[in-house]
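# Descriptive analysis of the structure
Listed below, chain by chain, are the residues.
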Amino acid sequence: MSEQNHDEQAAVPVTGDELVDTFPGYRNPEDISLLERPGRPAETVPSADVLRPELAGPLEHDLYTHQADALEALARDEHVCVATSTSSGKTRVYALQIARNYLEARARGEESTAYLLYPTKALSRDQERSLNDLFDELGLEITVRVYDGDTERGQNRKRIREEADVIITNFAGVNTYLHDHDRWARFLSACDLVVIDESHTYTGVHGMHVAWIVRRLERVLSYYDADPQYVLTSATIGNPGEHSAALIDEPATVVDEDGSPAGPRDLVLWNPPPRAREDERSESSDTRTGAMRTERHVSREDADDDRDEWRDEDADDEREAEDAVLERVPATVEAPRLLSHLTYQNAQTLLFTPSRKLAELSVKRASKHRHENHYYTNPDRGSAIEPYHAGHSRKKRHGTEHQLKTGILDGVASTNALELGIDIGAMDATVQLGYPGQRQSFWQQIGRAGRGARRALSVLVAEHRTLDQYVVNNPDYLLENDVEDAVVDIDNDAVFAQHLRCAADELALDVSDAGWFAERERLERAVEMWRRAGQLTGALETGVSYVGPPRPQQSISLYATAGEEYEVGLADGVDTKHDPEMEPLARERVFRDFHEGAVRLHQGQQYEIIEVDHGSPRPSVTLRPTNAEYYTRTRTDVTVLDAVSEESREIGDFTLHFGRGRVLVYHGTYDKVAIHGGKKREQGIPTDNPPLSMATQLCWLEVPQAVEDALIEKYREFSVPELEDGLAGTAHLGYAGGLHAAEHATIGVAPLELMVDKRDLGGLATLTIDSHLDQEAAVADETDAGMGPGIGASTAAGEDDAPQNIAAAEATVREIAMDLDRTPASGWFIYDGIEGGLGFARAIYENYEAVAERARNLIADCDCGNVGGCPACVMDEQCGNDNQPLHRGAAVDVLDQLLGNEDVDALEEYLPDGEYGGDRRPPLFYA
């Protein structure tokens, strides 16, 4: 070992090798991968080369090259996206641009203001302090203030609007404040910089809303003759330029060559060890299909996450819900042990958990591990560990942040609230409880560890699920240069229509809005729709004004596409201290998770839903706290109807389509599942919900007839004795199980290529794709005012004539299949689980080969040894068909043919002379 390397090793309390060597208990070397990331020196540019002397002089350090590049692009009047690593000084870019604008405006005797838009309130207040400190250091009288929902109303708000040079807020605030833009006239007319911080977080539904709020803001700024530049700061993503342009509707110069220094890093991929099988296993868990992945009204941090949350808080013997061949210690147990061990070794450590409850639970488990293991002779050493999440008061969060920065705390178990740029200093180590879903988030989280050029340690503790097992079994994936693309789709008409009303309320719409705010035809159709609804009046030539209910901005939820929302409140007589303070819920989420009789966990408290009011003008959910010994899981059935292909392309002999269609989702029954042991206490309890009809975007793959024929023969002996409907032994079942497994795996690995949440995707494998298509291909001509699917809940295409139950819908599909005069294609659908679509199905359509290759490798490389797979490959806990039938071998064969890994001649020996399964194959389809 060189002297330099020795010094680097000595500078970190524990290295990756030392962690493996010192952690108590035997470990199989195959369960651990140790990757070493080299450090990099800083690359700098003298500040005086870029900045005027009065700014360059007071700066203690030179600029990093990426800071200099960004500032030079801004000097050329370009919009800029800075996409570099965590703690690389991105804030300094726009801070110095604010300072430049201020000095130039002062020389002209004018004002200069800047609007800074952050994703979280905690981040806003952290940046307010640091920006004010910087401007004081530069000797500039620039006033920075936060203006959001927590800002004191009245004179304080008025003073900020009328006096602040820099205002920090969030997009929920901008959406609201645009209604009263006349109160902001002084600030808006002088605005020459808009900053969108952590822009990579704006994807999916949230990204759609942000893109339209930016366009509405741009209209108002233009009204006040302001033409600001935009600075977007982003984690490393695959398409920063394209994503930035989608958000701001302007091209942006991308600066992604990071000049900041980084120390070397030991990256440990840690698969928890196998453990003894339990004699009594819990039944298979969630039979939900996840067919409609709910629109979320909360941040990722607040999203429901059932991992381990319902289990005994003091027991390490949780049973995995999935009956996998290889059983491992849950990551929810192993990760807290590692947190405990690292802090014992004097490494200040940050553990990232997927939910608030697990943050709290992990601290308890870390302490339990420390005190029950004789390895730790001094259990009190390094034991100052606290939880951190948005459920804590602001005072408590700030106290935890301060204790981290000052070294009082040895460790913290946090949600992703600390993933973003909150100033907590630099840690020695990070531990991740499960793969966070995307590489950009992975690198963002582990970037919180590393003090200057010192070596850092990061540990990923894998869960026994698809993404985690793929990552730990393919460690090079994390080191690939191609990071996931962020997806923002402004084609969703439901979201567009909501923001059009708001835009008309803020300033009358006219012909000048055509072309840039929306294409003229789309604009006219939306105006006509709202005019018919009595909410807009006038024409584009003379001006279109809003005449609907006051403040349409208040009807927008940044995490939902449709306007219908359910307020959440406590039952009469319940102490208000139990108020869950939940955001309004989308209708789809109420139907799935908040039906009457459901028991939900929120911030560690169980709540029973005792009433759901669907019919009033303000729908509501009423709940009360409970301490039930069970929780509920909703069963969901799904089918695809009336799909229409808008684009198609060939992949070898396969045909891939993208289009729109209707997905019928029925959350018809639910089960009560015991918290301890996972046994189902009651099954099939009716929810009394009607089916939900969702017009959305889909892509689907058609398998060539020759491939299908051969695989039906190859796997004709496969059967599932317990399968219902008399199909247990049909000759087509093995092949259908292969399509079903391929569909699960394709959705499961989509986040490896794209910044998507698989809960926002649904799928359906089918032997008769044609019976799910619109037989007249006329959906587009039947939608209200030509707006297309997704204009809103009340006008969704096909809502009125949808089958009234899932059985009727499935019967319709089967009837169509039997009446077809051609041999239907087989394959599988993937659809966006959001009304109107998210753009995810389109992104998968455009990247299908890459996604399919990931899926193929995931299935083929899994060592579960089970024909039907396991949760690490093809089982999905949200499968509506209880993960039956699934066939890994048939799935690999289909994907090999798709990718060209195998020639069709390889299947020639299986090609039949006749037909199978009777005169016609059965119209099987599985979600």
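Residues numbered from 1 in each chain as written. Predicted model: local features only at pLDDT ≥ 70, side-chain atom pairs only at ≥ 80, totals over all residues. Heavy atoms only, no water.

### Here we look at the overall build of the protein chain
In terms of regular secondary structure, the protein chain is built from 26 helices and 30 strands. Here the protein chain holds 927 residues, and 60% of them are scored as buried. Nonlocal contacts in the protein chain, meaning residues at least 24 apart in sequence, comprise 77% of its contacts between residues at least 6 apart. Carbon and sulfur atoms make up 42% of the accessible area of the protein chain, which amounts to about 35300 Å² in all. (Helix = DSSP H or I, 4+ residues; strand = E, 2+ residues; numbered from the N terminus. Buried < 20%, exposed > 50% of the residue type's maximum accessible area, 1.4 Å probe, protein only. Contact = heavy atoms within 4.5 Å. Areas by Shrake-Rupley, 256 points an atom, 1.4 Å probe, with all protein chains shown as cover.)

### Structural notes on helix H13 (residues 356-372)
An α-helical segment advances 3.6 residues per turn. Residues three or four places apart therefore align on the same side. Taking 1.5 Å per residue as the helical rise, H13 with its 17 residues ought to reach 24 Å, and the 25 Å between its terminal C-alpha atoms agrees with that figure. Among all positions of H13, only Arg356, Lys357, Leu358, Ala359, Leu361, Ser362, Val363, Arg365, Ala366, His369 and Arg370 are buried. Looking at the buried residues of H13, the elements they touch are helix H12 (331-344), strand E12 (349-352), strand E13 (385-388), strand E14 (411-414), strand E15 (429-433) and strand E21 (599-602). (Expected span 1.5 Å × (residues − 1).)

### Remarks on the environment of Glu218
Mapped onto the elements, Glu218 comes out in helix H10 (residues 204-223). Separated by 31 residues in the primary sequence, Glu218 and Asp249 have C-alpha atoms spaced 9.8 Å apart. Leave out the neighbours within four places in its chain, and Glu218 touches Asp227, Pro228, Tyr230 and Trp516.

### As for the pairing of strand E29 (residues 826-832)
For E29, the buried fraction is high: 7 of the 7 residues fall into the buried class. In the sheet, strand E27 (residues 692-703) pairs with E29 via 6 bridges, with the strands oriented antiparallel. Residue pairing across strands places Glu702 opposite Gly827, the latter belonging to E29. Of the pairings in the sheet, the one linking strand E28 (residues 761-766) to E29 comprises 6 bridges and is antiparallel in character. Looking at E29, one finds that Gly762 is bridged to Tyr831. (Pairing = 2+ DSSP bridges.)

### A look at the pattern of salt bridges
This structure, assessed with the given rule, holds 37 salt bridges. A salt bridge links Arg40 to Asp258; the shortest N-O distance between them is 3.0 Å. In this pair, Arg40 is assigned in the loop between strand E1 (32-37) and strand E2 (44-45) and Asp258 in the loop between strand E10 (253-255) and strand E11 (265-270), connecting sequence segments 218 residues apart. The closest approach of N and O atoms between Arg592 and Asp593, which form a salt bridge, is 2.8 Å. (Salt bridge = Lys/Arg side-chain N within 4 Å of Asp/Glu carboxyl O.)

### Things to note about the packing of helix H16 (residues 466-473) against helix H21 (residues 733-753)
Contact geometry for H16 and H21: axes closest at 9 Å, N-to-C directions at 55°. The angle between H16 and H21 falls in the class oblique. The handedness of the crossing between H16 and H21 comes out as right-handed. When H16 is examined against H21, the residues Thr466, Leu467, Tyr470 and Val471 are found in contact with a partner set consisting of Gly748, Val749, Pro751 and Leu752. Residue classes in the contact of H16 with H21 are distributed as 6 nonpolar, 2 polar and no charged. (Axes fitted to C-alpha atoms, helices over the stretch in contact; angles between N-to-C directions. Parallel < 35°, antiparallel > 145°, perpendicular 65-115°, else oblique. Left-handed = near helix turned anticlockwise from the far one by under 90°. Nonpolar A, V, L, I, M, F, W, Y, C, P; charged D, E, K, R; others polar.)

### Quick look at the sheet that holds E12
A sheet is described by the order of its strands in space; here 7 strands give the open sequence E1-E11-E16-E15-E12-E14-E13, paired in mixed fashion. Either end of the sheet is taken by a strand with one partner, and the two such strands are E1 and E13. Ignoring which end each strand starts from, the neighbouring axes of this sheet average 15° apart. As paired strands, E11 and strand E16 (residues 456-461) are joined by 6 bridges and run parallel to one another. Residue pairing across strands places Arg265 opposite Ala456, the latter belonging to E16.

### What to know about the packing of aromatic side chains
Overall, the coordinates contain 20 aromatic pairs when judged by the stated rule. Centroid distance Tyr470 to Tyr477: 5.9 Å. Interplanar angle 85°. Geometry classified as edge-to-face. Between Phe658 and Tyr845 the ring centres are 6.0 Å apart and the planes differ by 50°, which places this aromatic pair in the tilted class. Of this pair, Phe658 sits in strand E25 (residues 654-674) while Tyr845 sits in helix H24 (residues 840-846), and the two are 187 residues apart along the sequence. Look at Phe658 and you get buried, because its relative accessible area is 2%. For Tyr845, a relative accessible area of 4% corresponds to the buried category. Three or more aromatic residues joined by ring pairs form one cluster here, namely Tyr115, Tyr147, Tyr177, Trp184 and Phe187. (Phe/Tyr/Trp six-rings, centres within 6.5 Å; stacked < 30°, edge-to-face > 60°.)

### Looking at the sheet that holds strand E22 (residues 605-613)
Spatial ordering of the open sheet is given by E20-E19-E23-E22-E21, a layout of 5 strands whose pairing is mixed. The open sheet has two free edges, formed respectively by strand E20 (585-586) and E21, since each of these has just one partner strand. Sheet topology places E21 next to E22; 4 bridges connect them, and they run antiparallel. Bridge pairing in E22 places His602 opposite Gln605.

### What to know about helix H23 (residues 806-819)
Taking 1.5 Å of rise per residue, 14 residues should cover 20 Å, and H23 covers 20 Å from first to last C-alpha, within 8% of that figure. The complete set of buried residues in H23 reads Ile806, Ala809, Val813 and Ala817. Buried positions in H23, seen along its axis, are confined to an arc of 80° and lie on one side of it. Residues of H23 that are exposed and angled more than 90 degrees away from the buried face: Glu815 and Asp819. Residues of H23 that are buried sit in contact with strand E24 (630-651), E25 and strand E30 (925-926). (Arc of directions from axis to C-beta.)

### Describing the packing of helix H4 (residues 65-75) against helix H5 (residues 90-107)
Where H4 contacts H5, the two axes come as close as 9 Å, and the packing angle between them is 40°. It follows that H4 is oblique to H5 by the angle criterion. Between H4 and H5 the crossing geometry is right-handed. Contact residues: H4 offers Gln67, Ala70, Leu71, Leu74 and Ala75, while H5 offers Arg92, Val93, Leu96, Gln97 and Arg100. Class assignment for the residues of the contact of H4 with H5 results in 6 nonpolar, 2 polar and 2 charged.

### Some details on the pairing of E27
Burial analysis of E27 places 12 of its 12 residues in the buried class, which makes it a mostly covered element. Burial along E27 is two-sided: the residues Leu692, Met694, Thr696, Leu698, Trp700 and Glu702 and Ser693, Ala695, Gln697, Cys699, Leu701 and Val703 are all buried. Alignment of E25 against E27, held across 11 bridges, turns out to be antiparallel. For Phe658, the partnering residue across the bridge sits in E27 and is Cys699.

### Side note on unusual backbone geometry
Cis rather than trans, the peptide bond between Gln884 and Pro885 has omega equal to -10°. Relative to the elements of secondary structure, Pro885 occurs in the loop between helix H25 (848-861) and helix H26 (888-899). We note that Arg551 has phi near 50°; this positive angle belongs to a residue other than glycine. Along the chain, the position of Arg551 falls in the loop between strand E18 (543-546) and strand E19 (565-570).

### Regarding the side chain of Asp428
Within the secondary structure, Asp428 sits in the loop between E14 and E15. Within the local environment of Asp428, its side chain forms a polar contact with the backbone nitrogen of Gln348, the two atoms lying 2.9 Å apart. (Polar contact = N/O pair within 3.5 Å; in protein donor to acceptor, adjacent residues only side chain to side chain.)

### Digging into the nonpolar core
Core analysis: the biggest nonpolar cluster contains 98 residues, and Tyr435, Leu500, Trp828 and Tyr848 have the highest contact counts within it. Among the elements that line this core, the one with the most residues is H21, at 11 residues. Residue contacts for Leu500: discarding those within four places in its chain leaves Leu509, Phe517, Leu523, Ala526, Val527, Trp530 and Leu536. Counting residues in each nonpolar core, the second largest holds 39 residues, with Leu51, Val80, Tyr102 and Val195 among its members. (Core = buried A, V, L, I, M, F, W, Y, C linked by side-chain atoms within 4.5 Å.)

### Here's the deal with a negative patch on the surface
The grouping of Glu43, Asp49, Asp62, Asp69, Glu72, Asp256 and Glu257 at the surface amounts to a negative patch. Residue placement: Glu257 occurs in the loop between E10 and E11. (Patch = residues over 30% accessible without salt bridge, like charges linked within 9 Å, V, L, I, M, F, W, Y side chains within 5 Å. Lys, Arg positive; Asp, Glu negative; His and termini not counted. Charge placed at Lys NZ, Arg CZ, Asp CG, Glu CD.)

### Details of the side chain of Arg27
If you trace the backbone, Arg27 turns up in the loop between helix H2 (16-22) and E1. At 3.2 Å, the side chain of Arg27 and the backbone oxygen of Asn271 are in polar contact. Among the polar contacts listed, one links the side chain of Arg27 to the side chain of Glu334, at a separation of 3.3 Å. In contact with Arg27, not counting residues within four places along its chain, are Ile32, Trp270, Asn271, Pro272, Pro273 and Glu334.

### Focus on the confidence of the model for the protein chain
For the protein chain, the mean per-residue pLDDT works out to 84, and 86% of the residues sit at or above 70. Contacts from residues 277-306, a stretch scored under 50 in pLDDT, to residues over four places away or in other chains number 133 contacts. Segment residues 778-800: pLDDT under 50, and 46 contacts once partners within four positions in sequence are set aside and those in other chains are kept. (pLDDT = per-residue confidence, 0-100.)

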